[in-house]
Amino acid sequence: MVVVQQDRRPFVASAPGKVIMFGEHAVVYGKSAIAGSVDMRAYALVVPHSGHAVRLVLPDIGVDIAFDGRRLPRVQPGALAHPGDVEALLAEGIDVPDGPGRMAALVFVYLYGSLVADTGAQGFSICVRSLLPVGAGLGSSAAYSVALSAALLQLTGQLHGDGASEGDRRLINGWAFQGEQVAHGTPSGIDNSVATYGGFLEYTKGRDPAPLQSTRALRVVITNTNVPKSTKALVAGVRALRDAHPAIVDSILDAIHSVSTTAAELFQAPDADDSDAEQRLHDIVRVNHGLLMALGVSHPSLERVRDIAARYRMASKLTGAGGGGCALTLVPSGAPKSATAEVAAAMAADGFECYDTVVGGAGVSITYAVGAESIEAWIGKQSSDPVAVFAALPAATIASLAPSQ
Ligand SMILES: Nc1ncnc2c1ncn2[C@@H]1O[C@H](COP(=O)(O)OP(=O)(O)OP(=O)(O)O)[C@@H](O)[C@H]1O
Ligand SMILES: C[C@@](O)(CCO)CC(=O)[O-]
Ligand SMILES: [Mg+2]
């Protein structure tokens, strides 16, 4: 048994969602992709207490479970090779209904079993709230996985710089990737990398993410079609198409790779106001969407978003796994604020939800304070049940628990 040093103060670990600008799906096959963090995050409040009870509360998806932490066995390295073994963890007397809550609980139990079980750590409550839409293509699962991994590593004294050092980030990212594997099967790692490192980056599977210095303002309108989709099913669909038509699908994936490498050059071009570069970016947004459509991951609602954007001479593409979820619209450099407001209003009139997003904010963060006050004192003042307080906080207060963008 590894006995850990535990800090008993409550804290909040948080991580952002992501927007993939170019390269989704192809990135699963080792091609390059470009993505950045969005200014919406998942927040995990951890409250250590005496005894051995562990409580997981996920108010966004209706999960509230408790179990005796001593009953869960340590997860052995390699358990992910046998998904049945991971599912079996939930059989340890933890009652979780089917649906999104089951997957989220499984990710927690896997990370708990890997990082906390058998360390002699005392009990705790953890409550995760997210300001990201769930299952919409903005990386809500990765933000959840990164916030959880950071929370459990910090709780058990395995981080050395409160999540900010290079070593801490590498550790958090590695465990969050395993959390994503529990949820998805074969993720590329781009979502958890953006949620951990934040910023704007180029990602190729198996390599460290490479930060990009864009000379262009990263202005995008994100549109949520509110059509539910499953990342796991969409990734599996592309795999089935590739198995049936390897030569055709591989050439589409190669074309997406060229789109991403061209985009990286254009974003970093010295003259950001060059109208030729602007036109080329517009073109490749359109081309990337067409290639994704050929892979079978578009949806009529996403095509509708593209039609509306085209009326305003803007280019849109799906972002994330597709099949519904979100689209992004690239805002041309120098476009007035009124232009984005107009296109967003036109989309809202069709029933879509728009987020005016700043791409490239902070990655994972751990905080023990709200402004000048400790979380312990702040929560203690509100009620004797910190989880209930956190679960009911308004979004604006939750958002104050992370570094400003
Ligand atoms: N607020 C949350 N609380 C608990 N679990 C969450 C929360 N948000 C997301 N999740 C977990 O993530 C799952 C959704 O992940 P999924 O990968 O399908 O969508 P996404 O990550 O939002 O989109 P994409 O992967 O395309 O970017 C949920 O079913 C749940 O298991
Ligand atoms: C569809 C995909 O490329 C992005 C999902 O946000 C899957 C992945 O990279 O894991
Ligand atoms: Mg996801």
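Residues numbered from 1 in each chain as written. Chains lettered and ligands numbered in written order. Predicted model: local features only at pLDDT ≥ 70, side-chain atom pairs only at ≥ 80, totals over all residues. Heavy atoms only, no water.

Naming follows an unreviewed UniProt entry, where the protein appears as Mevalonate kinase of Coemansia helicoidea.

Draft legend 1. Highlighting the pairing of strand β4 (residues 63–68). Residues Val63, Ile65 and Phe67 of β4 are buried on one face, while the alternating residues Asp64, Ala66 and Asp68, pointing to the opposite face, are not. Two strands pair when backbone bridges link them, and strand β3 (residues 53–58) and β4 are joined in this way by six bridges, in the antiparallel orientation. Looking across to β4, one finds that Leu58 is bridged to Val63. Here β3 folds back onto β4 in antiparallel fashion, the turn holding four residues, of which Gly62 has a positive phi close to 65 degrees. (Buried < 20%, exposed > 50% of the residue type's maximum accessible area, 1.4 Å probe, protein only. Helix = DSSP H or I, 4+ residues; strand = E, 2+ residues; numbered from the N terminus. Pairing = 2+ DSSP bridges.)

Draft legend 2. Examining the site of ligand 2 more closely. Contacts to ligand 2 come from 13 residues, most closely from Lys18, His25, Pro187, Ser188 and Asp191. Within the side chain of Lys18, one N or O atom sits 2.6 Å away from an oxygen atom of ligand 2. One of the backbone N or O atoms of His25 is found 2.9 Å from an oxygen atom in ligand 2. Residue assignment for the shell around ligand 2 shows that the elements contributing at least two residues are β1 (11–22) and α5 (190–197). Looking at the shell around ligand 2, its residues break down into seven nonpolar, three polar and three charged. (Near = heavy atom within 4 Å. Polar contact = N/O pair within 3.5 Å; in protein donor to acceptor, adjacent residues only side chain to side chain. Nonpolar A, V, L, I, M, F, W, Y, C, P; charged D, E, K, R; others polar.)

Draft legend 3. Representation of the pattern of salt bridges. In total, this model carries 11 salt bridges according to the counting rule given. Notably, a salt bridge pairs Asp208 with Arg170, separated by 3.2 Å at the nearest N-O pair. Within this pair, whereas Asp208 is found in the loop between β6 (200–203) and β7 (210–211), its partner Arg170 is found in helix α4 (residues 166–184), the two being separated by 38 residues in sequence. A single salt-bridge network, built from bridges that share partners, covers Glu166, Arg170 and Asp208. (Salt bridge = Lys/Arg side-chain N within 4 Å of Asp/Glu carboxyl O.)

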